[in-house]
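Given next are the chains, with one letter for each unit.
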Amino acid sequence: EVAITPTKPRQKFVAKLVAPTLSRADLPIAGKAAPAVAKAASKSIYIFSEEIIDSSALKTVDGSVDWTIDSLVLTDGRKLDHVRFQATVLNGVLDAPVVQAGIFGGAVSARLKIDASRDKDAVVNVHLDAKGLDLAALFAVARVNREVRGGKTSDNADLALRGASPRQWARTAARRRPSRPWSR
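All of the points below concern the structure found in this document. Values in this document were obtained by computation on a predicted structure and should not be read as measured data.

## Re the environment of D129
Here's step 1: Within the secondary structure, D129 is located in strand β7 (residues 122-134).
Here's step 2: In this structure the C-alpha to C-alpha distance between D129 and A110, which are 19 residues apart in sequence, comes to 6.1 Å.
Here's step 3: The residues contacting D129, other than those within four sequence positions of it, are A107, V108, S109, D155 and N156.
Here's step 4: For D129, the side chain forms a polar contact with the side chain of H127, separated by 3.1 Å.

Take a look at the structure:
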């Protein structure tokens with residue numbers, strides 16, 4: 001269910017989605033991928049992408065999003081279970097107090113706030129709680145070759161980021177609370 005109301009100075013939208021399962025192929029935009037670029041881009045030497053993420057669209061709309069998806073299939077085939085996402089956008093600020101999903105045999109919940117109301121770099125605040133994540137699955141995704149038998153971990157983070165790209169966010173990241181050590 002999507003409703004868009006053209007108003008001034010910004011359009012208003014409401015997007016509500018309840019689905020038992022969802023994958024990229026289910027979306028109407030899935031078949032409309034951008035054409036391949038003839039010249040391959042040079043590989044970055046950085047872990048985090050330098051590609052600018054344009055957050056200016058947040059300044060053009062106000063609205064709310066409420067999604068509940070039992071099984072979300074990611075492009076690499078992994079699944080997120082019991083996905084819940086609630087957010088509002090108002091005056092260039094996205095506020096998502098509910099971001100939840102089951103992954104790696106555990107659960108992740110987060111709060112996210114992106115302030116794009118300024119002309120330059122967006123300010124991103126993330127509070128993340130991860131509980132009962134399977135270490136073997138995490139190591140496999142990170143391509144760490146290490147034998148793990150039954151290990152689980154829980155962690156939390158409260159991050160403040162600034163910038164226009166993942167690399168800038170990583171460079172300016174400030175953790176506001178120390179993490180707990182990995183559990184066995």
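## Examining the nonpolar core
Here's step 1: Within the largest apolar cluster, 11 residues are counted, these being F13, A15, L58, V61, V65, F85, A87, V89, L94, A96 and A116.
Here's step 2: Of all the secondary structure elements, the ones that give two or more residues to this core are β2 (11-23), β3 (61-73), β4 (79-90) and β5 (93-103).
Here's step 3: At three residues, the largest contribution of residues to this core is made by β4.
Here's step 4: In this structure, A15 is in contact with E1, V2, S64, V65, D66 and W67, ignoring residues within four places of it in sequence.
Here's step 5: Counting residues in each nonpolar core, the second largest holds nine residues, with I69, V83, A101 and A130 among its members.

Calculation rules
- Residues numbered from 1 in each chain as written.
- Predicted model: local features only at pLDDT ≥ 70, side-chain atom pairs only at ≥ 80, totals over all residues.
- Heavy atoms only, no water.
- Helix = DSSP H or I, 4+ residues; strand = E, 2+ residues; numbered from the N terminus.
- Contact = heavy atoms within 4.5 Å.
- Polar contact = N/O pair within 3.5 Å; in protein donor to acceptor, adjacent residues only side chain to side chain.
- Core = buried A, V, L, I, M, F, W, Y, C linked by side-chain atoms within 4.5 Å.
- Buried < 20%, exposed > 50% of the residue type's maximum accessible area, 1.4 Å probe, protein only.

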